Amino acid sequence: MIQPNFTLTPAALKFMRRMVRFSETPAGGFRLTVKPGGCSGYAAEFTVEATPRDGDAEQAVEGLRMFLPAESRLLLDGVTIDHVDSPLQSGFAFANTKGGSCGCSSSGDAITPPAEAAVSLSSIKRM
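Just so you know, these numbers come straight off a predicted model, no measurement behind them.

Conventions we followed
Residues numbered from 1 in each chain as written. Predicted model: local features only at pLDDT ≥ 70, side-chain atom pairs only at ≥ 80, totals over all residues. Heavy atoms only, no water. Buried < 20%, exposed > 50% of the residue type's maximum accessible area, 1.4 Å probe, protein only. Helix = DSSP H or I, 4+ residues; strand = E, 2+ residues; numbered from the N terminus. Pairing = 2+ DSSP bridges. Core = buried A, V, L, I, M, F, W, Y, C linked by side-chain atoms within 4.5 Å. Contact = heavy atoms within 4.5 Å. Axes fitted to C-alpha atoms, helices over the stretch in contact; angles between N-to-C directions.

Asker: Explain the pairing of strand β3 (residues 42-49) to me, please; I cannot follow it from the model alone.
Answerer: A regular strand places its side chains on the two faces of the sheet in alternate fashion. Burial runs high along β3: six of the eight residues are buried. One ladder, built from eight bridges, connects strand β2 (residues 29-36) with β3; its direction is antiparallel. Bridge pairing in β3 places V34 opposite A44.

Here you go:
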């Protein structure tokens, strides 16, 4: 099983930890599904899960449990994951140190615009 070598920025780690902490399963983990998203980088979907799903690999990152499907593990190898939250944009941004994230750019060292993200609202604790 491939264990991706990826980096989480402090902003991404903070966001993921908050999602888990305020979910209905605070002892669970952050499940991140990443797919190619054309020239905007990657498309990301995430949920907070009590346990990994079949086929997921569990990876601990500074105390955060992450559940990663097989396709995500392949795509995240060598990637830096950031979380951008500004008045103009909010979401995950990915920088691929192995090369451009799409065929439109030859530069792979810049963070791509935030990815399209889908959130399962049922995994967030109601106040």
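Picking up after the structure, the text goes on.
Asker: What am I meant to see in the nonpolar core here?
Answerer: As a rule of thumb, nonpolar side chains are buried together in soluble globular proteins. Counting 24 residues, the largest nonpolar core has L8, F30, L32, I81 and F92 as the members making the most contacts within it. Put simply, the parts of the chain that give this core at least two residues each are α1 (10-21), β2, β3, β5 (64-68), β6 (79-85) and β7 (90-96). The biggest single contributor to this core is α1, with six residues. Excluding residues within four positions of it along the chain, F30 makes contact with F15, M16, M19, V20, F46, T47, L64, R65, M66, F67 and F92.

Asker: I'm lost on the sheet that holds β6 in this one. Help?
Answerer: Each strand in a sheet pairs with its neighbour through backbone hydrogen bonds, running either in the same direction (parallel) or in the opposite one (antiparallel). The three strands are arranged β1-β6-β7 in an open sheet whose pairing can be described as mixed. Looking at strand neighbours, the two that pair on one side only are β1 (7-8) and β7, the edges of this open sheet. Strand direction decides the pairing type here: β1 and β6, joined by two bridges, are parallel. Directly across from T7, in β6, lies its bridge partner T80. Helix-sheet contacts for α1 involve β1, β6 and β7, and the interaxial angle to β6 is about 70 degrees.

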